[in-house]
Amino acid sequence: MQELLTREQYNQVQIQEKPVASATHRHQHPSQNPAKKVPKGKADSSRQKDQIKANAKSVKTPNKKTEKNKKNILKTSNGISEGGQYNSIKVECPPMGLETLKIDDFQLHASTTKRYGLGAHRGRLNIQAGLHEDDLYDGAWCAGRNDPLQWFEVDARRLTKFTGVITQGRSSLWSSDWVTSYKVMLSNDTHTWVTVKNGSEDLIFPANREKEIPVRNIFPEPVVARYIRVNPCSWFNRGSICMRVEILGCPMSDPHNYYHRRNEVITTDDLDFRHHSYKEMRQLMKVVNEMCPNITRIYNIGKSQSGLKLYAIEISDNPGEHELGEPEFRYTAGSHGNEVLGRELLLLLMEFMCVEYLSGNQRIRHLVEETRIHLLPSVNPDGYEKAFEVGSELSGWSLGRWSNNGIDIHHNFPDLNSILWEAEAKKWISRKMFNHHVPIPEWYQSNNASVAVETRALIAWMEKIPFVLGGNLQGGELVVTFPYDKTRSQGVIREQTPTPDDHVFRWLAFSYASTHRLMTDANRRACHTEDIAKEDGTINGASWHTAPGSMSDFSYLHTNCFELSMYVGCDKFPHESELPEEWENNRESLLVFMEQVHRGIKGVVRDLEGHGIANAIISVEGIGHDIRTAF
């Protein structure tokens, strides 16, 4: 909320800064010169994809663009190469990966550090401070002294063409710390450093005017080196030198580089790896539907606050029909519009299943023929369009998270937990109300209730289709959470709060996490604070942080559907060039989780004449949560 308020008033913010030498530079900010923005993942956003071929589709990533005009190479004393005219080369290098953790902690160094919790390893773009500041997990790198001799350094471990720097201030509720200008220095040996210049003078880049909104500076021309340092020149006069940083750079070709080969992930799937605007998403769904008309159907469940339709695609051997004994499954994504990776993963999954079905993949054919699958890639298209317009590196941590009228859709559902637990405390279960299909309170259904139109559309969809299993894809962490999401004890922020079906939920969560490439990796770095998921990549939602009115809790208590939340990446809005690797990270998990819908007991409840009975209550001994037969 702090970031959103600041964005609205950004042009009016006046901050007293320390004296700064000025220089001509290429500087971009979301609120300035919007026509020239080149957001991460949007270099090709105007291209409309007319068709998708199963055999050959090109993967467009910015670091594969052809470079031109490599003349006039300048050599410095320590061997750093600088490109020619930047305007003619137009290099658009992606982020190196401070935010995505591709750059590990050992590659980050600093001149001094205020304390360990504010060390160089915390100087990553969009990193979030812990609940309690002044601990091991604070929200930036902060220098031990406030003077112009401080620096933040990144070791690329190989020659890299550096093209720019993105900075933020410190993530903090209480402190106001940010850098207002800086120099950039480069080296190949850490002994001899060359400063990025504007002609004969050192170039001083303007940085942040507050602590949350990212500011990007593009170098006048690319510079090739191994090490890069950001040297703060001035900072907010009532704060300290604190920074969160992302470096833009293209690794130079080096087949013998050990670090590159160790971390390289290559996908064999020829899919449409790019970020899609709302219109492009709709077009892609249409293309997939035309490729696989016999197993797909496009429909919408309602409209957003601004009138955009909430499109879903059904994948089944009999689209549009609920078949007896065939379970209904759903994936949703984008309830927080700025958490973009889940949206793109569902679009890739949709495309992948169509292509593989046509090619005869037996695993996919079995899924399609035995399951009715629904994919809803963008629950909050209004929020997504805001983040997409600015671009991922510049959208910060929360731009586009909420609906157009400021509602967090994922936590906008009625709090049925409290109703159930109160009934249990009063021993009303079985006498006055059931332990399942808890009704929605009347006040929530009134027109005056603060309920998003997107939430109402989701509830109507969930009540109409008898879903059995579902997953909602989110971002900003790497973990799978399962109900309950709200703590049972009032006033408690974190508390283990299991459902009666806890053993089933734990298995479902582990089925996704254990088949993900990174979630259960014992050596991976936690995204922001402590490793909440420990070794198995899963956690009970309430034991992470309490969240009343979550979609997962509502689904479990109001319908037959067991729903989990998959947080699929530390970076909410990864660069377009990261999508192939993220697809590889999640592809098997997405398929395995869908296959879990066929576990357990299935059947039909009939009367003496053989007719099916709707709303028949089915109880399992030892589990205090019943289900009902569908119509």
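If you look at the biggest cluster of nonpolar residues, it comprises 89 residues, and the most contacted ones within it are Y331, L349, M353 and L564. A total of eleven residues in this core trace back to one element, the largest contributor, which is helix α5 (residues 341-359).

On to the pattern of salt bridges. Here the structure, examined in full by the defined rule, presents 33 salt bridges. Put simply, E424 and R488 hold a salt bridge, and the shortest N to O gap is 2.6 Å. Of this pair, E424 sits in helix α8 (residues 416-425) while R488 sits in the loop between β19 (477-482) and α11 (502-513), and the two are 64 residues apart along the sequence. With a relative accessible area of 30%, E424 lands in the partly exposed category. Judged by its relative accessible area of 44%, R488 is partly exposed.

Cis geometry is found at the peptide bond from P483 to Y484, where omega equals -5°. Note on placement: Y484 falls in the loop between β19 and α11. Of note, the phi angle at L101 is positive, near 75°, even though the residue is not glycine. Within the element layout of this structure, L101 appears in the loop between α2 (86-89) and β4 (108-110). With phi around 80°, S430 is a residue other than glycine that occupies positive phi space. Within the fold, S430 resides in the loop between α8 and α9 (442-445).

To continue, consider the state of the cysteines. Counted under the stated rule, the structure contains four disulfides. Between the sulfur atoms of C292 and its disulfide mate C354 the distance is 1.9 Å. Here C292 and C354 share a disulfide; its torsion about the S-S bond, 90°, makes the bridge right-handed. In this pair, C292 is assigned in the loop between α4 (278-291) and β14 (296-303) and C354 in helix α5, connecting sequence segments 62 residues apart.

Bringing the packing of aromatic side chains into the picture now. Under the defined criterion, the tally for this structure stands at 20 aromatic pairs. Summarising the aromatic geometry, the rings of F205 and F219 are spaced 5.8 Å apart at their centres and angled 40° between planes, so their arrangement reads as tilted. Here F205 is found in strand β11 (residues 205-206), whereas its partner F219 is found in strand β12 (residues 215-235), with 14 residues between them in sequence. Through a chain of ring-to-ring contacts, three or more aromatic side chains come together here, namely W421, Y484, F505, Y556 and F562. Above the ring of W151, the side-chain terminus of R229 is found at 3.5 Å from the ring centroid. K572 extends its terminal NZ or CZ atom over the ring of W397, reaching a point 3.9 Å from the ring centre.

As a further point, take helix α10 (residues 453-464). Spanning twelve residues, α10 covers 17 Å between terminal C-alpha atoms, matching the ideal 16 Å at 1.5 Å per step. Listing the buried residues of α10 in full gives E454, T455, A457, L458, I459, W461 and M462.

Parameters at a glance
- Residues numbered from 1 in each chain as written.
- Predicted model: local features only at pLDDT ≥ 70, side-chain atom pairs only at ≥ 80, totals over all residues.
- Heavy atoms only, no water.
- Core = buried A, V, L, I, M, F, W, Y, C linked by side-chain atoms within 4.5 Å.
- Buried < 20%, exposed > 50% of the residue type's maximum accessible area, 1.4 Å probe, protein only.
- Helix = DSSP H or I, 4+ residues; strand = E, 2+ residues; numbered from the N terminus.
- Salt bridge = Lys/Arg side-chain N within 4 Å of Asp/Glu carboxyl O.
- Disulfide = S-S within 2.5 Å.
- Phe/Tyr/Trp six-rings, centres within 6.5 Å; stacked < 30°, edge-to-face > 60°.
- Lys NZ or Arg CZ within 6 Å of the ring centre and 35° of its normal.
- Expected span 1.5 Å × (residues − 1).

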